[in-house]
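# A closer look at the structure
Given next are the chains, with one letter for each unit.
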Amino acid sequence: DGGITQSPKYLFRKEGQNVTLSCEQNLNHDAMYWYRQDPGQGLRLIYYSQIVNDFQKGDIAEGYSVSREKKESFPLTVTSAQKNPTAFYLCASSIGQAANVLTFGAGSRLTVL
Amino acid sequence: KQEVTQIPAALSVPEGENLVLNCSFTDSAIYNLQWFRQDPGKGLTSLLLIQSSQREQTSGRLNASLDKSSGRSTLYIAASQPGDSATYLCAALTGANNLFFGTGTRLTVIP
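First, a word on scope: everything that follows refers to the structure included in this document. (Residues numbered from 1 in each chain as written. Chains lettered and ligands numbered in written order. Predicted model: local features only at pLDDT ≥ 70, side-chain atom pairs only at ≥ 80, totals over all residues. Heavy atoms only, no water.)

The next point concerns the state of the cysteines. Enumeration over the complete set of coordinates arrives at 2 disulfides over all chains. With its sulfur 1.9 Å from that of its partner, Cys 23 of chain A forms a disulfide with Cys 91 of chain A. Taking the sign of the torsion about the S-S bond as the criterion, the disulfide between Cys 23 of chain A and Cys 91 of chain A, at about -75°, is left-handed. Separated by 68 residues along the polypeptide, Cys 23 of chain A in strand β3 (residues 19-25) and Cys 91 of chain A in strand β9 (residues 87-94) bring together distant segments of the chain. The same class applies to Cys 23 of chain A as to Cys 91 of chain A, namely buried. The residue that forms a disulfide with Cys 23 of chain B is Cys 90 of chain B, at a sulfur-sulfur distance of 2.0 Å. Judged by the sign of its S-S torsion, about 80°, the cystine formed by Cys 23 of chain B and Cys 90 of chain B is right-handed. With Cys 23 of chain B in strand β3 (residues 19-25) and Cys 90 of chain B in strand β9 (residues 86-93), this residue pair connects regions lying 67 residues apart in the sequence. (Disulfide = S-S within 2.5 Å. Helix = DSSP H or I, 4+ residues; strand = E, 2+ residues; numbered from the N terminus. Buried < 20%, exposed > 50% of the residue type's maximum accessible area, 1.4 Å probe, protein only.)

Written out as structure tokens, the structure is:
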């Protein structure tokens, strides 16, 4: 079945460590997105990529980095510069280069100890 | 900047009842309005997408309407079931990749 796979589902990190969240899709979608979800807040866009080897900052890109070396993969690195990284991270993709119907992964929950 | 609001934050209804979830947005220049469902600890599932030129969309027991001029959308759920219990989020697309989400309405359907 086609879909988006995020891993790991749960991740614990010590302060000062970088961590990378994986996002893989087999839907042949062009665009991929990373969102952050915090309790009581709407999803906020971190980064998005419309085509391979290109990506754009979203509303809250500081302290994060991404790469898009393959169409299927869009990993997110949470760096030590992110001051409050504990959150639920969601990866999504869409056909074409615009955020029309989004398909979401199951999410990754990052906790900083 | 687009702001999307969903009221109420939580709603409990008895099984079988029809219900309406509300979504309002501040910038009427939207491309589309989307409704999602999220189960606890899970990702989002797309329910309905209404293009800016449309007034409503229907899928099974779900009907979503859009009134751009007043900045409002509603999601109508008919004959609610316990399996409908989840958080429902709306999102307004402003620009090609600017999807602004509301904070959601947590629905509980009581058997």
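Having put the structure on the table, let's press on.
Chain B puts 20 residues into the contact, and the matching count from chain A is 23 residues. Carbon and sulfur atoms make up 55% of the area that chain B and chain A hide from each other, which totals about 1,500 Å². Ranking the residues of chain B by area buried against chain A places Leu 44, Asn 97 and Phe 101 of chain B at the top, with a combined share of 35%. Applying the counting criterion to the chain B and chain A interface returns 0 salt bridges. Applying the counting criterion to the chain B and chain A interface returns 2 residue pairs in polar contact (both at pLDDT 80 or more). Residue assignment for the side of chain B that touches chain A shows that the elements contributing at least two residues are β4 (32-38), β5 (44-51), β9 and β10 (99-101) of chain B. Tallying contributions element by element places β4 of chain B first for the side of chain B that touches chain A, with 4 residues. For the side of chain B that touches chain A, the residue count by class is 9 nonpolar, 9 polar and 2 charged. (Contact = heavy atoms within 4.5 Å. Buried area = accessible area lost by both parts, 1.4 Å probe. Salt bridge = Lys/Arg side-chain N within 4 Å of Asp/Glu carboxyl O. Polar contact = N/O pair within 3.5 Å; in protein donor to acceptor, adjacent residues only side chain to side chain. Nonpolar A, V, L, I, M, F, W, Y, C, P; charged D, E, K, R; others polar.)

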